[in-house]
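Structural overview
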Amino acid sequence: MSSSRLGTLADVGYRRRIVRLGPLRVPVRRRSIVAGLVAVVALGVLGVLALGLGTYPLTPQQVVQVLFGGGDAMDRTVVIDWRLPRAVAGIAIGALLGIAGALFQTVTRNPLASPDILGLSHGAFTGMLLALVFVSGSWPVLTLGSLLGGFATAAVIWLLSARGGVQGFRLIVVGIGVSSILASLNTWMLLQIELETAMFASAWGTGSLNGVTAGPLAGALACALPFAVAAFLLVPRLRQLGLGDDMAASTGVRPGAVRAGALLIGVALVAAATTVAGPVAFVALAAPQIGRLVARTPHLSLLLSGLFGGLLLLGADLIAQHVLPTALPVGVVTVSVGGAYLVLMIILEIRRRA
Amino acid sequence: MPDIPLPADRVPSADHAPSADPVPSSRLSAEAITLSYDRAEIVRDLSVTVPDGGFTVIIGPNACGKSTLLRGLSRLLAPSCGRVVLDGQTIGSYPAKEVARRLGLLPQSAVAPDGITVADLVGRGRYPHQNLMRQWSDADETAVQHALEATGTADLAGRPVDALSGGQRQRVWVAMVLAQETDLLLLDEPTTFLDVAHQVELMELFAHLNAQGRTLVAVLHDLNHAARYATHIIAMRDGRIVAEGPPHEVITSERVHEVFGLENVVIPDPVTGGPLVVPLRGSVPSVGSAHRGARS
């Protein structure tokens, strides 16, 4: 095992760099940097593909030309006005979900406890549907409905699983139950409301990027930004929380406050994502674990969770649009892959506990 | 291993206390605290003073409240009555990180994240000295190196904690708390689950850390370890302090019987000359007898 020498510690078990930026000093694993760069390159490649593929196909060169300000008027319209919002949504919404998943899984110390499994995406969507039916279909109202739905669902799950604590297996079982109830409630509401409204709403029923337009996307991302920043500010505290509540507390972290803050931020991020794409499954569940496996970190990295979340959703949307014989909502792809992944994780979890 | 002095007659040092302080120097004390879990009172109206520079060991039967007292002293459990005083102020009035720069705790429930390396885990002890901008510094590097050397784990620095033996792992946790660079160290049953050789090795390490000037408070199960290494013993039963003082005063046959309900003789330790508890055969009443049942 070779390792870069740094200060007086010859060997810390991995290669690392101290990132220095003004007064900032952050130790970073070299493997995490490489994993992050690979994810960024892959995002670029998939992004160019997403902008080029379709009924009016463009070569990657044409796409890159447009992105750097060139190309003819038609190319510009197709890339910038038609396809860019959707590609940006795939990356950004995936990133929000990945970060939210990492927050949930970190504070519960459970790889299954992600907001999609616990029903928070469905809950946010329920809130959105209620806002749509009873108030209006304007974006601020839908966003607010989604946020309220997310928080209400979180409160219900918290109360129902309070006895087992948020770290218990009970949380997962309660969450899966609540999730199923809300999903059927959403379907029922879609069947009950007027046809025109239902058409508008059912586009998101299983999670889809079909109806994405630039305005609402920008609005949702602007709402999510402060929460995402807050999440990154919590990172050192979340890392201490991984040592157990008592150890975290004895090094100067308040476990209860950090946990509550992280869950609050997570719910807000999921709600913001849901207003754009509906309840997309699997991304929040898998992205943090994929990031951890690739970078081999002992904790879930928020940054890598975000990058791999973006990669997953953008990739799934490409498959949904262009690979399958009929264009499907991206949620169908993520649900299918996610179902298999979830079964695998549950089996592993049960084995670990047995 | 060098000879570890047994400083039974050691007087508390006044190094850390302000010179104007009129009370005998103690950085950590509890004033009439009541500690409870879910409204069940475990410790009631208890006052205790941790002698500075000493190695205080808390002993007592299971469920006597000794770990609870340690949690109270380390502000992990807030007292419902009374207060814990650290350096002249109520411990709860400090910012959380400030307490962590003055007092370190090794709890029983510490979790090593999957795949974390020794150096990384020990580095987590530097958290109270870091902030958002400066998440690593030369001082952190030096403190980790010193902590690894002090616990004899420098060779393990690059290894994953999962791959270590129980004794090595416990020393790594001690290193993490040492990296916190606090003069006060609280240890909750640090030797439980270790074999006898590793227990002794760890006790020698604690005695050494104490001899270097740190104040230690440990909850221990092994009376003879307490008798040999402690400078001050607190014996607890049913949430109260039954006896307190240097080992030769507290570890007597009558006291041990009173606290643990164990028939025993106390003889001079052939190695150190201190007290050594030897249980008598057949002295513990059989399971389920009225005598024992009445006490639990």
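Heads up: these notes are all about the structure in this document. (Residues numbered from 1 in each chain as written. Chains lettered and ligands numbered in written order. Predicted model: local features only at pLDDT ≥ 70, side-chain atom pairs only at ≥ 80, totals over all residues.)

1. A look at the overall build of chain A
- In terms of helices and strands, chain A carries 14 helices and two strands.
- Scaling as 2.2 N^0.38, a compact globule of 354 residues should have a C-alpha radius of gyration of about 20 Å, and chain A matches this with 21 Å.
- Residue pairs in contact within chain A that sit at least 24 positions apart in sequence constitute 71% of those at least 6 positions apart. (Helix = DSSP H or I, 4+ residues; strand = E, 2+ residues; numbered from the N terminus. Rg over C-alpha atoms; globule rule 2.2 N^0.38 Å. Contact = placed C-beta atoms within 7 Å.)

2. Let's talk about the sheet that holds strand 9 (residues 232-237) of chain B
Residue and element names in this part refer to chain B.
- As summarised here, the arrangement of the six strands in space is 6-7-8-3-9-10, forming an open sheet in which the pairing is mixed. In this open sheet, the two strands that pair with only one neighbour each are strand 6 (103-106) and strand 10 (240-245). Across the sheet, the axes of successive neighbouring strands diverge by a mean angle of 15°, strand direction being ignored.
- Judged from the four bridges that link them, strand 3 (residues 55-59) and strand 9 form a sheet pairing that is parallel. By the bridge assignment, Ile-59 is partnered in strand 9 with Ala-235.
- Across the sheet, helix 1 (residues 66-73) is in contact with strand 3, strand 7 (184-188), strand 8 (215-219) and strand 9; its angle to strand 8 comes to roughly 145°. (Pairing = 2+ DSSP bridges. Axes fitted to C-alpha atoms, helices over the stretch in contact; angles between N-to-C directions.)

3. Observations concerning the nonpolar core
- Counting 181 residues, the largest nonpolar core has Leu96(A), Leu97(A), Ile99(A), Leu269(A), Val270(A) and Val122(B) as its most contacted members.
- Examining the composition of this core, we find that 17 residues originate from one element, helix 3 (residues 73-108) of chain A, more than from any other.
- With near-sequence residues (within four places) excluded, Val270(A) lies in contact with Leu97(A), Ala100(A), Pro115(A), Leu120(A), Ser121(A), Ala124(A), Gly150(A) and Ala284(A). (Core = buried A, V, L, I, M, F, W, Y, C linked by C-beta atoms within 7 Å. Buried ≥ 20, exposed ≤ 12 C-beta atoms within 10 Å, placed from the backbone.)

4. Focus on the pairing of strand 10 of chain B
Residues and elements named next belong to chain B.
- Bridge count for strand 9 against strand 10 is five bridges, and the pairing is antiparallel. Residue pairing across strands places Ile-234 opposite Glu-244, the latter belonging to strand 10.
- The antiparallel pairing of strand 9 with strand 10 creates a hairpin that spans two residues between the two strands, and Asp-238 there sits at a positive phi of about 50°.

5. Some words on unusual backbone geometry
- Located in the positive-phi region is Arg109(A), a residue other than glycine, with phi close to 50°.
- Of note, Arg109(A) is situated in the loop between helix 3 and helix 4 (120-134).
- For Arg109(A), a count of 15 C-beta atoms within 10 Å translates into the label partly exposed.
- We note that Ala32(B) has phi near 50°; this positive angle belongs to a residue other than glycine.
- Within the secondary structure, Ala32(B) is located in strand 1 (residues 28-37).

6. Section: the packing of helix 5 (residues 166-179) of chain B against helix 6 (residues 196-211) of chain B
Residues and elements named next belong to chain B.
- With their axes 10 Å apart at the nearest point, helix 5 and helix 6 run at an angle of 20° to one another. By the criterion of interaxial angle, the relationship of helix 5 to helix 6 is roughly parallel. Judged by the sense of rotation from one axis to the other, the crossing of helix 5 with helix 6 is right-handed. Taken together, the residues of helix 6 that come into contact with helix 5 (itself represented by Gly-166, Gly-167, Gln-170, Arg-171 and Val-174) are His-198, Glu-201, Leu-202 and Leu-205.
- Here the contact of helix 5 with helix 6 is composed, by residue class, of three nonpolar, four polar and two charged. (Parallel < 35°, antiparallel > 145°, perpendicular 65-115°, else oblique. Left-handed = near helix turned anticlockwise from the far one by under 90°. Nonpolar A, V, L, I, M, F, W, Y, C, P; charged D, E, K, R; others polar.)

7. Concerning the pairing of strand 7 of chain B
Residue and element names in this part refer to chain B.
- Counting buried positions along strand 7 gives five out of five residues, so the element sits mostly inside the fold.
- Every second residue of strand 7 is oriented toward a common face, with Leu-184, Leu-186 and Asp-188 on one face and Leu-185 and Leu-187 on the other, all of them buried.
- Relative to strand 7, strand 6 runs parallel, the two sharing four bridges. Across the sheet, the residue bridging to Leu-105 is Leu-186, located in strand 7.
- Pairing of strand 7 with strand 8, which is carried by five bridges, proceeds in the parallel orientation. Pairing of Leu-185 across the sheet is with Leu-216, part of strand 8.

8. Some points on the environment of Arg27(B)
- With respect to the helices and strands, the residue Arg27(B) is situated in the segment before strand 1.
- Between the C-alpha atoms of Arg27(B) and Thr192(B), which are 165 residues apart in sequence, the distance is 27 Å.

9. Some points on the sheet that holds strand 2 (residues 40-50) of chain B
Residues and elements named next belong to chain B.
- What the four strands build is an open sheet, ordered 2-1-4-5; its pairing is antiparallel. Because the sheet does not close on itself, it has two edges, and the strands there are strand 2 and strand 5 (89-90).
- Across the face of the sheet, helix 1 comes into contact with strand 1, strand 2 and strand 4 (81-86) while running at roughly 120° to strand 1.

10. Structural notes on helix 6 of chain B
Residue and element names in this part refer to chain B.
- In a regular helix each residue adds 1.5 Å, so 16 residues correspond to 22 Å; helix 6 covers 22 Å between its end C-alpha atoms and thus fits that length.
- Listing the buried residues of helix 6 in full gives Gln-199, Leu-202, Met-203, Leu-205, Phe-206, Ala-207 and Asn-210.
- Packing partners of the buried residues in helix 6 comprise strand 3, helix 5, strand 8 and helix 7 (223-229). (Expected span 1.5 Å × (residues − 1).)

Function cannot be read off these values alone, since they describe shape.
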